[in-house]
There are 2 protein chains.
Amino acid sequence: MEKLKLADLKDVKIKDPFWDRHTQLVKSEILDYQWRAMNDQIEDAPPSHCIENFRIAAGESDGEFFGAVFQDSDVAKWLEAVAYTLAAEPDAELKKRADGVIDLIGRAQQPDGYFNTYFILKEPGKRFQNLCEGHELYTLGHMIEAAVAYNQATGERRFLEIVCRMADLVADTFGPEEGKLHGMPGHEEIELALVRLYEVTGERKYLETAKYFIDVRGTGEKNYFLKEMEQEGFRNIFPEFEDYQPEYSQSHLPVREQRTAEGHAVRAVYLYSAMADLADLYHDEKLFEACTKLWDNIVQRRMYVTGGIGSSGILERFTTDYDLPNDCNYGETCASIGLVLFGRRMAQITRDARYIDVAERALYNTVLAGIALDGKSFFYVNPLEVWPDNCMERTSKEHVKSIRQKWFGVACCPPNIARTLSSLGQYIYGYDKHTLFVNLFIGNETELELEGGRIRVSLETEFPYKNTYSLRIHGEAGRMTLALRIPDYAVDYRIFQDGTEAVYTAEKGYAYISGDFSGKTLEVRFRSEPRFIRANPAVRADEGKVCMMNGPLVYALEEADNGANLSGIYLDTSTRPAMRLDPELFGGTWVLSADGYRIAADSWAPGELYKEEKPKFLKTEVRAIPYAYWNNRGKGEMTVWVKEWI
Amino acid sequence: MEKLKLADLKDVKIKDPFWDRHTQLVKSEILDYQWRAMNDQIEDAPPSHCIENFRIAAGESDGEFFGAVFQDSDVAKWLEAVAYTLAAEPDAELKKRADGVIDLIGRAQQPDGYFNTYFILKEPGKRFQNLCEGHELYTLGHMIEAAVAYNQATGERRFLEIVCRMADLVADTFGPEEGKLHGMPGHEEIELALVRLYEVTGERKYLETAKYFIDVRGTGEKNYFLKEMEQEGFRNIFPEFEDYQPEYSQSHLPVREQRTAEGHAVRAVYLYSAMADLADLYHDEKLFEACTKLWDNIVQRRMYVTGGIGSSGILERFTTDYDLPNDCNYGETCASIGLVLFGRRMAQITRDARYIDVAERALYNTVLAGIALDGKSFFYVNPLEVWPDNCMERTSKEHVKSIRQKWFGVACCPPNIARTLSSLGQYIYGYDKHTLFVNLFIGNETELELEGGRIRVSLETEFPYKNTYSLRIHGEAGRMTLALRIPDYAVDYRIFQDGTEAVYTAEKGYAYISGDFSGKTLEVRFRSEPRFIRANPAVRADEGKVCMMNGPLVYALEEADNGANLSGIYLDTSTRPAMRLDPELFGGTWVLSADGYRIAADSWAPGELYKEEKPKFLKTEVRAIPYAYWNNRGKGEMTVWVKEWI
């Protein structure tokens, strides 16, 4: 079965009370803020220099390369976000700024198509010799994604041509043939990008190069990256890679044999996304089986309730099943974005809504938490429990920041959030010839081309605070099928067609209903009350604890609402949390509250550290806000998991 | 008031049912095992090479220096342990081996007295130029301690002369005078060693050099170590020191102004021990006040219930008040040994038993846990909670080992345990002209010189399992005072003299009783039932939890007794834990048991990660063994803190 298509972003207009504040921020605030960050114009933020690097590489400015080896990729992700924003609505000034950058990239490109400011400026003659750490292919991957998006948004080919020239060089350089390099990227990303480039250009060598990178990974007698490190004159870019483990880059086994998610979490989910693409395009069952097993391993054993992944602060990596510490995890924003990319692909291929359940979880929680409500500061690491006092520099918790940062030395997350928010329209629907899949409950108006012709759909909702939405098919649609996602938290799922309850068949998380819906309005209603969620008891960190959820939203306790020392709070779970609108909070937010108890500390002097005394408990009302919104009221404690009163 | 004297180890014979198995192991097993480790003769253990380094430095062997910059210090601590062992009982063969090493050190010594195999072999001409990382003074400190001990044990001066020559060089090199270096050690240790050297030689310049190192630390316009790093040609020995923070070496403030324990925990407590020595010798009230405040900061806010210190795995350091994570802490064995050294000094100066309470806590728990019951494997890091599955290499928990190691690349802890166990006899008593202080309840026979003459004391006990001991004063002692420690866990403390209850006055944790006890036997009895201990609620990691203690012993749950997943266990604290002898366990061990509940996992499929279902609980009996003995039955989960059933 053909994989589901996604709506063209040009044809999607989001209008949603929950999401508008975030998605509209991309155009009104984020792109300009990030532009200034990339030009070192944000006060007290770490320098980026990434635009200046291109000027120097183009010979138009003096100075030295500055930044990480993958600094160019920030520019790429920013351009990709610009492209999606322009697709939604033309903006001459924004386009002019982007065109200027694209032209600059073109001028920095070398005669043979190569461009990468780090290698041009700092390591000329060393290209493709340190694939493990060099990130040239990773960076090109992001450039390709940006160029594809820019082409789709504007119809212009300039950027596409630039990346094609380097993609051609890559296709000529890597491959199974003798004389070519038999390596693959140390950080996956180009694989899924080359698939996108193939899809927009029809040029098969891009697909074949992607497939080669997938096929060669983890094969051979000796790991490619370890061989690289044995080359004479090899010098580590990252000191921590001196003692390199192939698991880090998922190169420990041929990909088709991998069954557990290992290594650096962002690398992993970018790889798995490409594996899904290729499994579909090549009808590669073994590859697809690996995707399924890897997905299951993540979401059934290695994923936070917030959709975060990567349990270890060191090496930003997966660890072992059920190891999900809350206060020292990594849970990188980019990793959750990658999980969304992977899940969307799996849903497109399988028409199984369980992949959307997870993508939705990641989007509504970790991805959104990655950015402040004003769009001007960001989390790279997403803990589920923070005690700011112990998030100290030069300690085991130094990677955990208790407040969002204006920018980062390694700034992958901010522009990744921008491109995700600006492409949210692609996650709402999937479709094939006859069937329209409604995946996310986000208000929008969208046009799509089904076999019966072009249709216009509009969706209205107050989700996630009201569990109902109306879906209207405008104009003449003819006979079609609607596949309406039944989320895993839905109870009593019902569909009404112009007021009359409709019969549906449920399959793999979708309610299927067929007919001619031209000019009709469907109303979908389900129950989903605020609930207490527990983790599998194998998750040591969460035993005896609950978290509160409403729909896909995970809730968190903050010091601002509950005072300090959230670890001393117990939730009384005998009645459900109550939900109410707090009109003052962030311009109107639905909060949860529940009865609880807290350990009384008044019988302890500050200098008493250990004694026999039995704890006393005080009754308290516990208040929680969406995890996505935490840390928008200054520094303070936060926790998702709360002790359960038994 | 003069500080209390300690018994000469030559005059103490320990005979104690609890401690014998550990202390006797030093001579029967540990010294030989560690000798073989230092000579790279332990299979599958990391190489040490530390003896060979001396041979190479002496020009008697080819090859290159191998090991850490402070590799020599392992030899020193081993020699110190040998010295204490020889003091207890002469052993010609052991002494011959030690003499051989001492002669070798002498042959490796340079004409001007300098010896340090790293700098002789690897960085000739660079001595004292990288005090921050070079550890020359630290290493010399351990050599001095060993030489002093060896002199006291054997009466021989050869080793003492060797270290005096380098100590003379150090005294000539460092000091306030113009032309001298105005620096101090990056790792404190030599300060307390120079005080010992002064005490045994009477040579005042050693004391003055120690005082200089204390006085100069943290002074000056710019931190000495940061200045060092700015020297031309400076090269970091430890990459992680590139971004050096003076707090790490307690050089962020003049020591008299320090109020919180900061930085590397071992460095800190070695420094504070020397500060206490000097505060006493110079009657320096400001310095002593700093000692008191630093002690209080540690034991009231930054110490584990096991006497472990150092909350951060990264940089092995103190973090912030009440930050005491159980599963990712450092809690280095050496740091607890340093805490014992500091506490002993504070008790000697103040005659306040609260310092002994802490030293006892560290000795009976973390120090003992640092070594296996067979003496052949060691913990460097002492967690209070271990789930072996997640103690993975290259993750945030990589420093936590779930089983004791045969040896270490940095092997400071094993010989430090050896010197501590072999000098345990110094911790039992303190005394001045008239008063004998009984600090630890360890069976022994000891001779001491009071003003009234030489007395012989014997102490018999089954402590910590029975809370009674008898103290007999043999021969003619004359009128004297006994100060018998009332430990912080004692209830209903009573003293009987030959069967009749005696009246005592209590002051600062001691029961004072005076009289002529010649030929008399005192029996001390107190109640101390097994108990549930809670932490100050500000300790987030322990809220809602209890640990079990009996006397000074902290108890731990192990998987071997309680099955896996100890985080799912709740202790019913409504009745006290029961104590009983398990004759099979480690040749007879008193274990604790209590009623409890555990979360039932049977309704969770392995692939279910999050759901609403309320937890069900199963009644269970919980069994705990002394923390000191954990991990002597193979790999498994362990926890000290257990959820409390409320």
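Residues numbered from 1 in each chain as written. Chains lettered and ligands numbered in written order. Predicted model: local features only at pLDDT ≥ 70, side-chain atom pairs only at ≥ 80, totals over all residues. Heavy atoms only, no water.

In the nomenclature of an unreviewed UniProt entry, chain A corresponds to DUF1680 family protein from the organism Faecalicatena orotica.

1. A look at the relation of the copies chain A and chain B
Between the two copies of the chain lies a rotation about an axis combined with a shift along it. For the match of chain A to chain B, the screw axis carries a shift of 0.0 Å, the RMSD comes to 0.0 Å, and the turn is 180 degrees. Taken together, the turn and the small shift mark the pair as related by a two-fold rotation axis. Mapped onto chain B, 100% of the interface residues of chain A are again interface residues, and the two copies thus contact each other with one and the same surface. (Least-squares fit on C-alpha atoms with pLDDT ≥ 70 in both. Contact = heavy atoms within 4.5 Å.)

2. Some points on the sheet that holds strand β8 (residues 479–485) of chain A
All names here are of chain A. A sheet is described by the order of its strands in space; here 5 strands give the open sequence β3-β4-β8-β12-β11, paired in mixed fashion. With partners counted over all chains shown, the strands left at the sheet margins are β3 (429–431) and β11 (505–507), one partner each. Shown here is a sheet whose adjacent strand axes are inclined to one another by a mean of 25 degrees, direction ignored. Alignment of strand β4 (residues 435–438) against β8, held across 4 bridges, turns out to be parallel. Of the residues in β8, the one forming a bridge with threonine 435 is threonine 481. (Pairing = 2+ DSSP bridges. Helix = DSSP H or I, 4+ residues; strand = E, 2+ residues; numbered from the N terminus. Axes fitted to C-alpha atoms, helices over the stretch in contact; angles between N-to-C directions.)

3. Some thoughts on the side chain of B:Glu133
Residue and element names in this part refer to chain B. Tracing the backbone through its elements, the reader meets glutamate 133 in helix α6 (residues 131–134). Arginine 235 provides the closest opposite charge to the buried, unpaired glutamate 133, separated from it by 8.0 Å. Here the side chain of glutamate 133 touches isoleucine 237 through a polar contact of 3.1 Å, landing on its backbone nitrogen. (Buried < 20%, exposed > 50% of the residue type's maximum accessible area, 1.4 Å probe, protein only. Lys, Arg positive; Asp, Glu negative; His and termini not counted. Salt bridge = Lys/Arg side-chain N within 4 Å of Asp/Glu carboxyl O. Polar contact = N/O pair within 3.5 Å; in protein donor to acceptor, adjacent residues only side chain to side chain.)

4. A word on the sheet that holds strand β8 (residues 479–485) of chain B
Strands belonging to one sheet form pairs held by backbone hydrogen bonds; the direction of such a pair is parallel or antiparallel. Residues and elements named next belong to chain B. If you walk across this open sheet you meet the 5 strands as β3-β4-β8-β12-β11, and the pairing is mixed. Each end of this open sheet is capped by a strand with a single partner; those strands are β3 (429–431) and β11 (505–507). Adjacent strand axes in the sheet meet at a mean angle of 25 degrees, parallel and antiparallel pairs treated alike. Relative to strand β12 (residues 510–516), β8 runs antiparallel, the two sharing 7 bridges. Looking at the pairing, methionine 480 lines up with glycine 515 of β12.

5. Brief notes about the interface of chain A and chain B
How big an interface is tends to be expressed through the accessible area that disappears when the partners come together. On the chain B side, the residues contacting the 74 residues of chain A number 75 residues. When chain A packs against chain B, the two sides together hide about 6,100 Å² of surface, and 55% of this comes from carbon and sulfur. On the chain A side of the interface with chain B, the three residues burying the most area are A:Arg394, A:Arg540 and A:Tyr610, jointly 15% of the side's total. Between chain A and chain B we count 8 salt bridges in total. A salt bridge links A:Asp243 to B:Arg394; its shortest N-O distance comes to 2.7 Å. Linking chain A with chain B are 44 residue pairs in polar contact (both at pLDDT 80 or more). Sorting elements by how many residues they give to the side of chain A that touches chain B places strand β14 (residues 531–535) of chain A first, with 5 residues. In terms of residue class, the side of chain A that touches chain B is built from 33 nonpolar, 16 polar and 25 charged. (Buried area = accessible area lost by both parts, 1.4 Å probe. Nonpolar A, V, L, I, M, F, W, Y, C, P; charged D, E, K, R; others polar.)

6. Notes on the pairing of strand β21 (residues 617–626) of chain B
Residue and element names in this part refer to chain B. Note that strand β16 (residues 553–558) and β21 share 3 bridges and pair antiparallel. Bridging across to β21, tyrosine 555 finds its partner in proline 626. As judged from the 8 bridges shared by strand β19 (residues 589–599) and β21, these two strands associate in the antiparallel manner. Paired with glycine 596 across the bridge in β21 is threonine 620.

7. Side note on the environment of B:Ile473
Residues and elements named next belong to chain B. Here isoleucine 473 is to be found in strand β7 (residues 468–474). Owing to a relative accessible area of 0%, isoleucine 473 belongs among the buried residues under this scheme. Along the chain, isoleucine 473 and serine 458 lie 15 residues apart, while their C-alpha atoms are 6.7 Å from each other.

8. Things to note about the packing of helix α4 (residues 92–108) of chain A against helix α8 (residues 158–173) of chain A
All names here are of chain A. The geometry of α4 relative to α8 is characterised by a closest axis approach of 10 Å and an angle of 30 degrees between their N-to-C directions. Taken together, α4 and α8 sit at an angle that is classed as roughly parallel. The way α4 lies across α8 gives a crossing that is left-handed. For the pair formed by α4 and α8, the contact residues are Ile102, Asp103, Ile105 and Gly106 on the first element and Arg158, Phe159 and Ile162 on the second. (Parallel < 35°, antiparallel > 145°, perpendicular 65-115°, else oblique. Left-handed = near helix turned anticlockwise from the far one by under 90°.)

9. Thoughts on the UniProt feature "domain: Non-reducing end beta-L-arabinofuranosidase-like GH127 middle" (unreviewed entry) in chain A
According to UniProt, the positions carrying the feature "domain: Non-reducing end beta-L-arabinofuranosidase-like GH127 middle" (unreviewed entry) are residues 435–518 of chain A. For residues 435–518 of chain A, helix accounts for 0% and strand for 64%, while the C-alpha atoms at its two ends are 14 Å apart. (UniProt positions renumbered as here; feature names shortened; annotations may be inferred.)

10. Here's the deal with the packing of aromatic side chains
Ring pairs (aromatic) are described by centroid distance and by the angle formed between their planes. Tallying each qualifying case throughout the model produces 94 aromatic pairs over all chains. Centroid distance B:Tyr244 to B:Tyr248: 5.9 Å. Interplanar angle 75 degrees. Geometry classified as edge-to-face. Overall, the relative accessible area of 7% leaves B:Tyr244 in the buried class. Between A:Arg21 and the ring centre of A:Tyr629, over which it is positioned, the NZ or CZ distance is 5.8 Å. Note that B:Arg525 overlies the ring of B:Phe496, its terminal NZ or CZ placed 3.9 Å from the centroid. (Phe/Tyr/Trp six-rings, centres within 6.5 Å; stacked < 30°, edge-to-face > 60°. Lys NZ or Arg CZ within 6 Å of the ring centre and 35° of its normal.)

11. A look at the pairing of strand β15 (residues 545–550) of chain A
All names here are of chain A. Of all the 6 residues making up β15, 6 are buried; the element is thus mostly covered by neighbouring parts of the structure. Of the two faces of β15, both are covered, the one formed by Lys545, Cys547 and Met549 as well as the one formed by Val546, Met548 and Asn550. Bridge count between β14 and β15: 3 bridges; the pairing is antiparallel. In the sheet register, isoleucine 533 faces β15, and the bridge partner there is cysteine 547.

12. Some thoughts on the pattern of salt bridges
All names here are of chain B. Under the counting rule described, the total for this entry stands at 123 salt bridges over all chains. Here arginine 36 makes a salt bridge to aspartate 32, at a shortest N to O gap of 3.3 Å. With arginine 36 and aspartate 32 both in helix α1 (residues 20–38) and 4 residues apart, this pair spans about one turn of that helix. The partly exposed category is assigned to arginine 36, whose relative accessible area is 26%. Note on aspartate 32: relative accessible area 31%, which makes it partly exposed. Ionic pairing is found between arginine 107 and glutamate 60, a salt bridge with its closest N-O pair at 2.3 Å. Here the residue arginine 107 occupies a position in helix α4 (residues 92–108), and glutamate 60 occupies one in the loop between α2 (50–57) and α3 (72–88), the gap between them amounting to 47 residues.

13. Observations regarding unusual backbone geometry
The omega torsion of the bond from A:Phe463 to A:Pro464 falls at 5 degrees, within 30 degrees of zero and hence cis. Take A:Pro464: it is sitting in the loop between β6 (453–461) and β7 (468–474). Look at B:His135: it is not a glycine, yet its phi comes out positive at around 60 degrees. With respect to the secondary-structure elements, B:His135 resides in the loop between α6 and α7 (136–154).

14. Considerations on the state of the cysteines
Counting across every chain of the model gives 0 disulfides over all chains. Distance from the sulfur of B:Cys334, which forms no disulfide, to the nearest cysteine sulfur (B:Cys413) is 3.4 Å. (Disulfide = S-S within 2.5 Å.)

15. Observations concerning the side chain of B:Gln250
Residues and elements named next belong to chain B. Checked against the element boundaries, glutamine 250 lands in the loop between α11 (224–230) and α12 (265–281). What makes glutamine 250 buried here is its relative accessible area of 0%. Within polar-contact distance, the side chain of glutamine 250 engages the backbone oxygen of histidine 264 at 3.3 Å. Look past the residues within four positions of glutamine 250 in its chain and what remains in contact with it is Glu188, Arg217, Gln258, Glu262, Gly263, His264, Arg267, Ala268, Leu271 and Tyr272.

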